[in-house]
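Secondary and tertiary structure notes
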Amino acid sequence: MLSVAVQHRLGDFLLDAAFESGAGLTALFGRSGSGKTSLVNAIAGLIRPERGRILVDGAVLTDTARRVFVPARQRKIGYVFQEGRLFPHLTVRQNLLYGRWFASRRGQAGEVEHVIDLLGIAELLARRPANLSGGEKQRVAIGRALLAQPRLLVMDEPLASLDEARKTEILPYIERLRDEFAIPIVYVSHAIAEVTRLATTMVVMSEGRVAAVGPTAEIMSRIGLFPLTGQAEAGAILSTRVAEHDTRFGLTTLRTAAGDLRVPYMDLRLGAQLRVRIRARDVMIALQPPQGLSALNILPGTVAEIGETDGPSVDMRLDCAGQPLIARLTRRSVESLGLVPGRRVYAVIKSIAFDHQAFGGAAPGTPGADADTRHG
Amino acid sequence: MSWVLAFSPEELTAIRLSLRVAFWAMLGSLPVGIAVALLLSRGQFWGKSLLNVIVHLPLVIPPVVTGYILLLLFGRRGLIGEFFADRLGIVFAFRWTGAALACAVMGFPLLVRSIRLSLDAIDRRLEDAAGTLGANAMWIFVTITLPLILPGILAGMILSFARALGEFGATITFVSNIPGETQTLPTAIYMLIQVPGGDLAALRLTLVSIAISMLALFASEALIERATRRVQGL
């Protein structure tokens, strides 16, 4: 349980943010300069806020009203920095074990091996940071933070300095971290794909303030937040389960509360759970169940909310058996179809629209895919 | 060529003394040098620029003046010298310890400057990272800061050592030129040039002086390169 309320002035910028979050991964999402890093630095004790109160698991770490400020080294907050910050003069093994000298709890036997194994860094132990790739450095940095026995793990854009291939390499490790360790994670990011894939709870930041807090799927389906969460990538998140494989056509059926989705074949076992993001721009609307249409996915639902706009396109939220779905249409179509809240419609989604960016949880062919059964 | 290695006992004494003085000047000033470099690099206090000027003063004022000031402060009846002699039993005046002190003071700006530059250059965010892992200030300094500035410390030590080997003015002013006690290589050479027939001996000691300095510089280059590679993690 994390509870944060911070007021801090940095030049002209005022950070005035408060949120609460529980277990799992909490994403602080927002543009660069929205105050995300300052906020996590306040949580980790790297900056002392002018006013504020920060609690982790009931322990008061900062309370300016009572003049409490626990120094960073006593907070037991593991920090994974954007640039890794591995100690260049120490080997990977020495880096990993650095925080263990100070950990009050010795930890279980085999914990070091477990972390090394989980992050896939066993071959790197004797090397020095200068000889590691960007992705390897970040994995070591995560291991170093984990092995210091933290009660909270803070990750400040750990993937921002990596290319796409390295990002895809690390994301599954972070998912395993979220699912296999009982340590809450605060994850700073401005990349919506990362956030929708990883986050249990989402905190949307804008200009030093918290614009919205809530479960990721709920936040992502709020039309009013699209200017902050990103117009182009806006879309609903569906929790799905692998129901069927069609080897003849290379398709996989994913079952959702809203109905079945057929997507390109995924190398996952039946029953595996998976998050899927359906981008608003990939969704079409029909008034009748379409006939003679190539698209394989047709979900019935009702119009729940239509966004206000003067521009050419309109975002609308559909309710498909309780599951929100976002569609983006032209204003002209909305008018000519006579779409109003409450109207029964059919959402049409092409199977091909599901690229790897759309999948949270386990993407095919990535490490940890077989272990990923706990998402959603 | 036999004349080259035919050292007289007096000459050998001067060589040994020179090495001893330079060694202790370097080692004695090291902890103070690190502390002052830390203060100058990281401290925020009133009079910081004054401290900076005082540290660098021996570099710009005539060595004779430095020697004379040392004589006033650390002489038998000097302000500090009396305290050291009575309370700690350390006498500087006209002793080899005084020569070491003079050399230490003369080399101090070089030592501090070298350490300070490497302190300014290290990534302080690494120290923050060590803090989040639970390390306290002392431990961060020993395990992160010190290893990272090691090349700067080594370079500073070598500069201080080399400066001490060459020190002349402040030494001769402060502790005079007593064979076997305060007569180092430069003062010995100076003496030999003054007396008739001392040319050959002067030349011998000059060659020794050059040899020691070159050896020290070569060794330091190798050491610094090794330390730098280590710090960069190569």
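What you see is a predicted model; the values in this text were computed from it and never measured. (Residues numbered from 1 in each chain as written. Chains lettered and ligands numbered in written order. Predicted model: local features only at pLDDT ≥ 70, side-chain atom pairs only at ≥ 80, totals over all residues.)

Along its length, chain A carries nine helices and 20 strands. A compact globule built from 376 residues should have a C-alpha radius of gyration of about 21 Å, and chain A, at 22 Å, falls within 12% of that. Projected onto the principal axes, the alpha-carbon positions of chain A cover approximately 65 × 50 × 35 Å. A buried classification covers 47% of the 376 residues belonging to chain A. (Helix = DSSP H or I, 4+ residues; strand = E, 2+ residues; numbered from the N terminus. Rg over C-alpha atoms; globule rule 2.2 N^0.38 Å. Buried ≥ 20, exposed ≤ 12 C-beta atoms within 10 Å, placed from the backbone.)

Turning our attention to the overall build of chain B. When helices and strands are tallied, chain B shows 12 helices and zero strands. By principal-axis analysis of the C-alpha atoms, chain B measures approximately 70 × 45 × 30 Å. Here chain B, with 234 residues, has 40% of them falling under the buried criterion. Counting only contacts in chain B whose residues sit at least 6 apart along the sequence, the fraction spanning at least 24 positions is 76%. (Contact = placed C-beta atoms within 7 Å.)

Here we come to the sheet that holds strand β13 (residues 251-256) of chain A. All names here are of chain A. Here we have four strands laid out as an open sheet, ordered β14-β13-β12-β15, and antiparallel in their pairing. In this open sheet, the two strands that pair with only one neighbour each are β14 (259-264) and β15 (273-279). Geometrically, the sheet is characterised by an average inter-axis angle of 45° between neighbouring strands, direction not taken into account. As defined by bridge partners, strand β12 (residues 235-246) adjoins β13 across five bridges and the pair is classed as antiparallel. Opposite V242, over in β13, you have L254 as the bridge partner. (Pairing = 2+ DSSP bridges. Axes fitted to C-alpha atoms, helices over the stretch in contact; angles between N-to-C directions.)

Residue and element names in this part refer to chain B. Between its terminal C-alpha atoms helix α2 (residues 9-42) stretches 49 Å, which fits the 50 Å expected from 34 residues at 1.5 Å a residue. Maximal helix bending in α2 amounts to about 40°, located at L30; proline P31 follows within four positions. Within the span of α2, buried status applies to A14, L17, S18, V21, A22, A25, M26, S29, G33, I34, V36 and A37. (Expected span 1.5 Å × (residues − 1). Bend = angle between axes of the 7 residues up to and from the residue.)

Assigned domains within chain A: domain 1 (2-220) and domain 2 (235-371). If you average the C-alpha positions of domain 1 of chain A and of domain 2 of chain A, the two centres end up 32 Å apart. (Domains from an automatic or database assignment.)

Now for the confidence of the model for chain A. Per-chain confidence: chain A averages 85 in pLDDT, with 93% of residues scoring 70 or above. Ranking the elements of chain A by mean pLDDT puts helix α8 (residues 226-229) of chain A last with 80 and strand β9 (residues 185-189) of chain A first with 94. (pLDDT = per-residue confidence, 0-100.)

Once that is clear, we can look at the interface of chain A and chain B. Taken together, the contacts link 20 residues of chain A with 19 residues of chain B. A class-by-class count of the residues in the side of chain A that touches chain B yields 14 nonpolar, two polar and four charged. (Nonpolar A, V, L, I, M, F, W, Y, C, P; charged D, E, K, R; others polar.)

Another aspect to go through is the packing of helix α3 (residues 111-119) of chain A against helix α4 (residues 134-147) of chain A. All names here are of chain A. α4 packs onto α3 with a crossing angle of 155° between their chain directions and a minimal axis gap of 10 Å. When the axis of α3 is compared with that of α4, the two are roughly antiparallel. The crossing of α3 and α4 is right-handed. Seen from α3, the contacting residues are V112, V115, I116 and L119; seen from α4, they are R139, I142, G143, L146 and L147. In terms of residue class, the contact of α3 with α4 is built from seven nonpolar, one polar and one charged. (Parallel < 35°, antiparallel > 145°, perpendicular 65-115°, else oblique. Left-handed = near helix turned anticlockwise from the far one by under 90°.)

Residue and element names in this part refer to chain A. Strand order in the open sheet made by the five strands is β16-β20-β17-β18-β19, with antiparallel pairing throughout. The sheet terminates laterally at β16 (283-286) and β19 (323-330), the two strands that pair on one side only. In this sheet, neighbouring strand axes are inclined to one another by 45° on average, regardless of whether the strands run parallel or antiparallel. As defined by bridge partners, strand β18 (residues 313-320) adjoins β19 across eight bridges and the pair is classed as antiparallel.

This brings us to the pairing of β13 of chain A. All names here are of chain A. Where burial is concerned, the two faces of β13 differ: the one with T252, L254 and T256 is buried and the one with L251, T253 and R255 is not. Hairpin connection, β12 to β13: the antiparallel pair is bridged by four residues, and G250 has positive phi, about 65°. Counted between consecutive antiparallel strands, the loop separating β13 from β14 contains two residues.

Relative to the elements of secondary structure, F249 of chain A occurs in the loop between β12 and β13. Separated by 16 residues in the primary sequence, F249 of chain A and Y265 of chain A have C-alpha atoms spaced 8.5 Å apart.

Residue and element names in this part refer to chain A. The phi dihedral of R85 falls on the positive side, at around 55°, and the residue is not glycine. Assignment of secondary structure puts R85 in the loop between β7 (77-80) and α2 (92-97). Overall, R85 belongs to the buried group, with 22 C-beta atoms counted inside 10 Å. At E207, a residue that is not glycine, the phi angle is positive and equals roughly 45°. Within the fold, E207 resides in the loop between β10 (201-206) and β11 (209-215). Classification of E207 by C-beta neighbours within 10 Å gives partly exposed; the count is 15.

Residues and elements named next belong to chain B. Running from N to C, helix α9 (residues 150-166) and helix α12 (residues 199-231) cross one another at 175°; their axes reach a closest spacing of 8 Å. The angle between α9 and α12 falls in the class roughly antiparallel. On α12, the residues touching L150, P151, L154, A155, I158, F161, A162 and L165 of α9 are S209, I212, S213, A216, S220, L223, I224, A227, T228 and V231.

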